Amino acid sequence: MKVNPKNGIDQLLFGMQQKDVVAIYGSPDKQFEDEEQNVIFLYNKLQLRLTFYQDEAMKLGYMITSNPEVTLLDKKIIGGDVEAIKKEFPFKTWETEDFDATENHFNESNWLVLQSEFGKIIRLEIGAIINDNDEFEWKFKK
């Protein structure tokens, strides 16, 4: 599974509707609504969580994965040393937030989060880009 910064993961593009995702991966293993009425799809085998934003006409806006095969700029990242991997990327600005046992390493220009525990990356989160006009930049075009 290849992460495409600012665009999505694998064949998934920000802005897709639920039916577009189901056409690619089939029905999710689990589906539910969060407290904001966003729809969440979980794909167990892919270790993939997808969020469709209720206030954006149910467009795919956020993706989370712990899949050990996920690559970012052709590098496998899950299980890798977070500091070493961050240095290998051309993204130089990272904000780090500490949550006791885990840390989030956030790169705003790509809306990318590397979550680490014990110095190793345990999951990747990527969100649709929000432009200077405070609007989402949807990548999926019908």
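In what follows, the accompanying structure is described. (Residues numbered from 1 in each chain as written. Predicted model: local features only at pLDDT ≥ 70, side-chain atom pairs only at ≥ 80, totals over all residues. Heavy atoms only, no water.)

A word on the overall build of the protein. Helices and strands together make up the secondary structure of the protein, namely two helices and 13 strands. The C-alpha atoms of the protein give a radius of gyration of 15 Å, which matches the 14 Å a tight globule of 142 residues would have. With respect to the three principal axes, the spread of C-alpha positions in the protein is 40 × 35 × 30 Å. Each of the 142 residues in the protein was classed as buried or not, and the buried ones make up 42%. Considering only intrachain contacts with a sequence separation of at least 6, the fraction spanning at least 24 residues in the protein is 39%. (Helix = DSSP H or I, 4+ residues; strand = E, 2+ residues; numbered from the N terminus. Rg over C-alpha atoms; globule rule 2.2 N^0.38 Å. Buried < 20%, exposed > 50% of the residue type's maximum accessible area, 1.4 Å probe, protein only. Contact = heavy atoms within 4.5 Å.)

Another point: the nonpolar core. Counting residues in each nonpolar core, the largest one holds 35 residues, and the members touching the most others are Val21, Leu50, Ile77 and Leu124. Listed by contribution, the elements that provide at least two residues to this core are strand S5 (39-43), strand S6 (48-53), strand S7 (59-65), helix H2 (82-88), strand S12 (112-117) and strand S13 (120-127). Discounting residues that sit within four places of it in the chain, leucine 50 has contacts with Leu12, Val21, Val39, Ile40, Phe41, Tyr43, Leu60, Tyr62 and Met63. (Core = buried A, V, L, I, M, F, W, Y, C linked by side-chain atoms within 4.5 Å.)

Counted by the stated rule, this structure contains six salt bridges. Among the salt bridges present, the one from arginine 123 reaches glutamate 125, with a minimum N-O distance of 2.7 Å. Of the residues examined, arginine 123 reaches a relative accessible area of 27% and is grouped as partly exposed. A salt bridge links glutamate 137 to lysine 139; its shortest N-O distance comes to 4.0 Å. (Salt bridge = Lys/Arg side-chain N within 4 Å of Asp/Glu carboxyl O.)

Across all of its chains, the model carries eight aromatic pairs by this definition. Between the aromatic rings of tyrosine 53 and phenylalanine 136, the centroid separation amounts to 5.6 Å while the plane-to-plane angle is 35°, which identifies the pairing as tilted. With tyrosine 53 in strand S6 and phenylalanine 136 in the segment after S13, the pair connects residues that are 83 residues apart, well separated along the chain. For phenylalanine 136, a relative accessible area of 23% gives the class partly exposed. In textbook terms, an aromatic cluster arises when at least three aromatic residues are bridged by ring pairs, as seen for Tyr25, Phe41, Tyr43 and Phe52. (Phe/Tyr/Trp six-rings, centres within 6.5 Å; stacked < 30°, edge-to-face > 60°.)

A word on the side chain of asparagine 107. Turning to its location among the elements, asparagine 107 is positioned in strand S11 (residues 102-107). Since its relative accessible area comes to 2%, asparagine 107 is described here as buried. In contact with asparagine 107, other than residues within four places in its own chain, are Phe91, Thr93, Trp94 and Leu112.

Moving on, we come to the sheet that holds strand S1 (residues 2-4). Strands sit in the order S3-S2-S1-S8-S9 across an open sheet of five strands; the sheet is mixed. Only two strands of the sheet have a single neighbouring strand rather than two, namely strand S3 (12-13) and strand S9 (75-76). Pairing analysis gives two bridges linking S1 to strand S2 (residues 8-9), with the strands arranged antiparallel. Bridge pairing in S2 places valine 3 opposite isoleucine 9. (Pairing = 2+ DSSP bridges.)

Read across the open sheet, the eight strands follow the order S4-S5-S6-S7-S13-S12-S11-S10; overall the sheet is antiparallel. Each edge of the open sheet carries a strand with a single partner, namely strand S4 (30-33) and strand S10 (95-99). Direction aside, neighbouring strands of the sheet carry axes that sit 20° apart on average. Sitting on the sheet, helix H1 (residues 18-25) is in contact with S4, S5, S6 and S7, with an inclination near 5° to S5. (Axes fitted to C-alpha atoms, helices over the stretch in contact; angles between N-to-C directions.)

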